[in-house]
Amino acid sequence: MTYAITQTCCSDATCVAVCPVNCIHPTPEEPDFGTTEMLYIDPKSCIDCGACADACPVDAIFPVDRLTEPLKKYEAINAAHYEGREPAPVLASPTFHPWGEPAFGRSLPSDFAPIRVAVVGTGPAGMYAAEDLLLHTNAEVTLIDRLPVAGGLVRYGVAPDHPATKGAGDTLARFHTHPRATVRLGVEIGEDVTPEELAAHHDAVVYAVGAPSDRRLGIPGEDLPGSLSATSLVSWYNAHPETAPETVALGTAERAVVVGTGNVALDVARILVSDPDTLAGTDIADHALAALRGSRLREVVLLGRRGPEDASYTASEILALGHVPGVDLVVDTHDPRIAQAIDTAAPGDKAALLQDTARETVDWTRGPDTGRRRIVLRFHSAPAEALGPDTVRAVRTGGPDGPADIPAGLLVRAIGYRGVPLAGLPFDETTGTVPHTAGRVDGMTGTYVVGWIKRGPSGGIGANRSCAAETVGSLLADAVDGRLPKPTGSARAFGRLARSRSGRLVDARGLAAIDRAERARGAAAGRPRVKLATVPELVAAARRNRLRGPMG
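Quick notes on the rules
- Residues numbered from 1 in each chain as written.
- Predicted model: local features only at pLDDT ≥ 70, side-chain atom pairs only at ≥ 80, totals over all residues.
- Heavy atoms only, no water.
- Helix = DSSP H or I, 4+ residues; strand = E, 2+ residues; numbered from the N terminus.
- Rg over C-alpha atoms; globule rule 2.2 N^0.38 Å.
- Buried < 20%, exposed > 50% of the residue type's maximum accessible area, 1.4 Å probe, protein only.
- Lys, Arg positive; Asp, Glu negative; His and termini not counted.
- Charge placed at Lys NZ, Arg CZ, Asp CG, Glu CD.
- Phe/Tyr/Trp six-rings, centres within 6.5 Å; stacked < 30°, edge-to-face > 60°.
- Axes fitted to C-alpha atoms, helices over the stretch in contact; angles between N-to-C directions.
- Parallel < 35°, antiparallel > 145°, perpendicular 65-115°, else oblique.
- Left-handed = near helix turned anticlockwise from the far one by under 90°.
- Contact = heavy atoms within 4.5 Å.
- Nonpolar A, V, L, I, M, F, W, Y, C, P; charged D, E, K, R; others polar.
- Pairing = 2+ DSSP bridges.
- Salt bridge = Lys/Arg side-chain N within 4 Å of Asp/Glu carboxyl O.
- Arc of directions from axis to C-beta.
- Right-handed = clockwise from strand over helix to strand, strands pointing away.
- Polar contact = N/O pair within 3.5 Å; in protein donor to acceptor, adjacent residues only side chain to side chain.

*Asks:* Requested: an account of the overall build of the protein chain, with residues and values cited.
*Replies:* Along the backbone of the protein chain there are 18 helices and 23 strands. Relative to its length of 552 residues, the protein chain is compact, with a C-alpha radius of gyration of 24 Å against a globular reference of 24 Å. Each principal axis of the C-alpha atoms in the protein chain carries an extent, and together these give about 70 × 65 × 50 Å. Within the protein chain, the proportion of its 552 residues that are buried is 54%. Charge centroids of the protein chain, computed over 56 positive and 66 negative side chains, lie 7 Å from each other.

Structure below.
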């Protein structure tokens, strides 16, 4: 019985490395790696060994005969990827089969001297870079984050009802206690320590700071109370310490409008209308859970400027949206092009994913059905204005069929993340990224970027592995060629500097203490963990019983 990769695929290709018959594609060596929504198992080549399932960091791989109802479509999705393609040869023995010519993407001289590298940012991009350096070189790595806890977008960006996806973070977290890694959390570069001071204590610096801001709609009423970014809402329900509980006020709103059709928009919609009792079994923020329990929200409308054939969500996320307990998924067929696009879509097309979804021409003069919760997909509909006057009362949309006013008490823009300028580094305002060449920051020897600040806010967790490999490859090539500036300060001196500048410094032992505290809070509440939601709480937990944790 063959295996299938399912919804939570992170595309980091760990499964590819262990497959004995090369039946998982695209591989990192293939040109379409990083461009497909997920990885796929060829059912004609799979030998049912289960190695991929054992290696998967996010529990996304299952035998097809064990797929639950919401996941059964993934048997066909995996197979469809290989239709019309020549399958990889399946040989009698998985041990003895032809391999490609050996390829060595990089090589280090036998006398390669240890280098000291600072990685700024402990999300997936930074940790993949650290993993590469720690596993494949003799480098010493300093892990730095402005927050007093590690994890980045895995901790604060992944929806709480996607616990399997957070498994990638657990896999990378093992490097926090690596003998050649030093953890310096709660240190903000540009505030506590200057970029010049950081560079002076390291041979190289890799910035992996992501894209923490958001894009704006540019419509009248966008700044009314009740209008906010998906960035703020996601941080709110994930207990980000820089997002206060009062940032989101659900009030008496029965309907919310979310602008965008990407995966973040779907996450926001799903969390807003999910049963709070279900969310209570996750690590959602306590204040968000309490607000959702008291919320009157029954309907979320997702606005897409274009048609269903151009929606930004991935197949896995829209399929999952149709299986949220107690929540209906509906397509608003206000424009005849919507039904036409869905009905005529070929298998594998984005619009075909909605062929089994309920349809309705929604009457917006009526309020939401109080007996059911639902998510409405409204395509060919752009936001034109948020109507007040004192708070968001409705969202006016424009489209080929004329304007429509959708009564709503909450407007969320989910149209993309955006990078912000970094102290001492060049910045491209148009793309929201740091200008670079293969990860080398333009005009700054020994300074590198990785992740969204490098390539823009695109790609999931696994896309950062190949992104980090490119950046680390550039860094090591510069080291071999003698192009890295020689540090004038030591690692110990940088530790003293960081401690003297930051009153919230957390090391590896403190990080372990935070983890223990949150898991203990979770155990007491019957949850996987209850996150500490403020900087003082995190720092206090780090300083309690820290001697029981690993060395930092």
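*Asks:* Can you explain the packing of aromatic side chains? Please cite residues and give values.
*Replies:* Aromatic ring pairs are defined here through the distance separating the ring centres and the angle between the ring planes. For the structure shown, the criterion picks out one aromatic pair. Taking the centre distance of 5.4 Å and the plane angle of 45 degrees together, the rings of Tyr-417 and Trp-452 count as tilted. Linking Tyr-417 in strand E20 (residues 417-418) with Trp-452 in helix H14 (residues 452-455), this pair joins segments that are 35 residues apart in sequence. A relative accessible area of 15% means that Tyr-417 is categorised as buried.

*Asks:* Lay out the packing of helix H4 (residues 124-136) against helix H15 (residues 463-480) with the relevant residues and their values.
*Replies:* One way to put it is that H4 packs onto H15 with a least axis distance of 8 Å and a crossing angle of 50 degrees. Looking at the two axes, H4 sits oblique to H15. The crossing of H4 and H15 is right-handed. Across the interface between the two elements, Pro-124, Ala-125, Tyr-128, Ala-129, Glu-131, Asp-132 and Leu-133 of H4 pack against Asn-464, Arg-465, Ala-468, Ala-469, Val-472 and Leu-476 of H15. Of the residues assigned to the contact of H4 with H15, the class counts are nine nonpolar, one polar and three charged.

*Asks:* Describe the side chain of Thr-165, and please don't skip the residues or the numbers.
*Replies:* Along the chain, the position of Thr-165 falls in the loop between helix H5 (153-156) and helix H6 (167-173). Among all residues touching Thr-165, those that are not within four sequence positions of it are Thr-8, Val-58, Val-158 and Ile-461.

*Asks:* An account of the sheet that holds strand E17 (residues 394-398) is needed here, citing residue identities and associated values.
*Replies:* Taking strand neighbours across the sheet as the criterion, the three strands line up as E16-E17-E18 in an open arrangement whose pairing is antiparallel. Two strands lie at the open edges of the sheet, namely strand E16 (382-387) and strand E18 (404-407), each paired on one side alone. Taking each pair of neighbouring strands and ignoring which way they run, the sheet shows an average axis angle of 30 degrees. The sheet contact formed by E17 and E18 spans four bridges and is antiparallel. Residue pairing across strands places Thr-397 opposite Ala-404, the latter belonging to E18.

*Asks:* A description of the pattern of salt bridges should follow, citing residues and the corresponding values.
*Replies:* In this structure the tally under the stated criterion is 40 salt bridges. Put simply, Arg-255 and Glu-299 hold a salt bridge, and the shortest N to O gap is 2.6 Å. Of this pair, Arg-255 sits in strand E11 (residues 255-259) while Glu-299 is found in strand E12 (residues 299-303), placing the two residues 44 residues apart along the sequence. The same class applies to Arg-255 as to Glu-299, namely buried. Asp-390 is paired through a salt bridge with Arg-393; the nearest N and O atoms lie 2.9 Å apart. Overall, the relative accessible area of 46% leaves Asp-390 in the partly exposed class. Each member of the salt-bridge network shares a partner with another, and the members are Arg-155, Asp-515, Glu-518, Arg-519 and Arg-529.

*Asks:* Help me get a handle on the sheet that holds E11, residues and values and all.
*Replies:* Backbone hydrogen bonds are what pair the strands of a sheet, in a parallel or an antiparallel way. With respect to topology, seven strands assemble into an open sheet ordered E10-E19-E11-E12-E15-E13-E14, the strand pairing being parallel. Of all strands in the sheet, those with a lone pairing partner are strand E10 (227-229) and strand E14 (358-360), marking the two edges. Pairwise comparison of adjacent strand axes, ignoring direction, gives a mean angle of 25 degrees for this sheet. In the sheet, E11 pairs with strand E19 (residues 410-413) via four bridges, with the strands oriented parallel.

*Asks:* Got a sec to walk through the side chain of Thr-333? Specific residues and values, please.
*Replies:* Topologically, Thr-333 is positioned in the loop between strand E13 (327-332) and helix H13 (336-343). Beyond its immediate stretch of four places on either side in the chain, Thr-333 contacts Arg-359, Glu-360 and Thr-361.

*Asks:* Break down helix H11 (residues 286-293) for me, citing the residues and quoting the values.
*Replies:* What H11 keeps buried is the set Ala-288, Leu-289 and Leu-292. Each buried residue of H11 lies within a common arc of 100 degrees when the element is viewed along its axis, so the set occupies one face. Of the surrounding secondary structure, the elements contacted by the buried residues of H11 are helix H8 (230-237), helix H9 (263-273) and helix H10 (276-279).

*Asks:* I'd like a rundown of the pairing of strand E6 (residues 140-145), residues and numbers included.
*Replies:* Regular strands show a simple pattern: their side chains alternate between the two faces of the sheet. Along E6, five of the six residues are buried, which leaves the element largely enclosed by surrounding structure. Where strand E5 (residues 116-120) lies against E6, five bridges are found, and the strand directions are parallel. When the sheet's bridge partners are listed, Val-119 is paired in E6 with Leu-143. With H4 bridging E5 and the parallel E6, this β-α-β connection has right-handed handedness.

*Asks:* I'd like a description of the environment of Ser-227, backed by residues and values.
*Replies:* Secondary-structure assignment places Ser-227 in strand E10. Residue classification places Ser-227 among the buried positions, given a relative accessible area of 16%. Look past the residues within four positions of Ser-227 in its chain and what remains in contact with it is Gly-221, Glu-222, Val-392, Leu-411 and Arg-413. At 2.6 Å, the side chain of Ser-227 and the backbone oxygen of Glu-222 are in polar contact.

*Asks:* Kindly report on the environment of Ile-514, identifying the contributing residues and their values.
*Replies:* Looking at the element boundaries, Ile-514 is found in helix H17 (residues 508-525). For the pair Ile-514 and Ala-125, spaced 389 residues apart in the sequence, the C-alpha separation amounts to 22 Å. If we skip the residues at most four places from it in the chain, Ile-514 touches Pro-148, Val-149, Val-506, Leu-532, Leu-538, Ala-541 and Ala-542.

*Asks:* Which residues make up the packing of H17 against helix H18 (residues 535-543), and what values go with them?
*Replies:* Axis angle and axis distance: for two packed helices, these are the angle between their axes and the distance between the axes, and together they describe the pair. Where H17 meets H18, the axes come as close as 7 Å, and the angle between the chain directions of the two elements is 105 degrees. The pairing of H17 with H18 is recorded here as roughly perpendicular in orientation. Counting all contacts with H17, which are made through Gly-510, Ala-513, Ile-514, Ala-517 and Glu-518, the residues of H18 involved are Leu-538, Ala-541 and Ala-542. Residues of the contact of H17 with H18, tallied by class, amount to six nonpolar, one polar and one charged.

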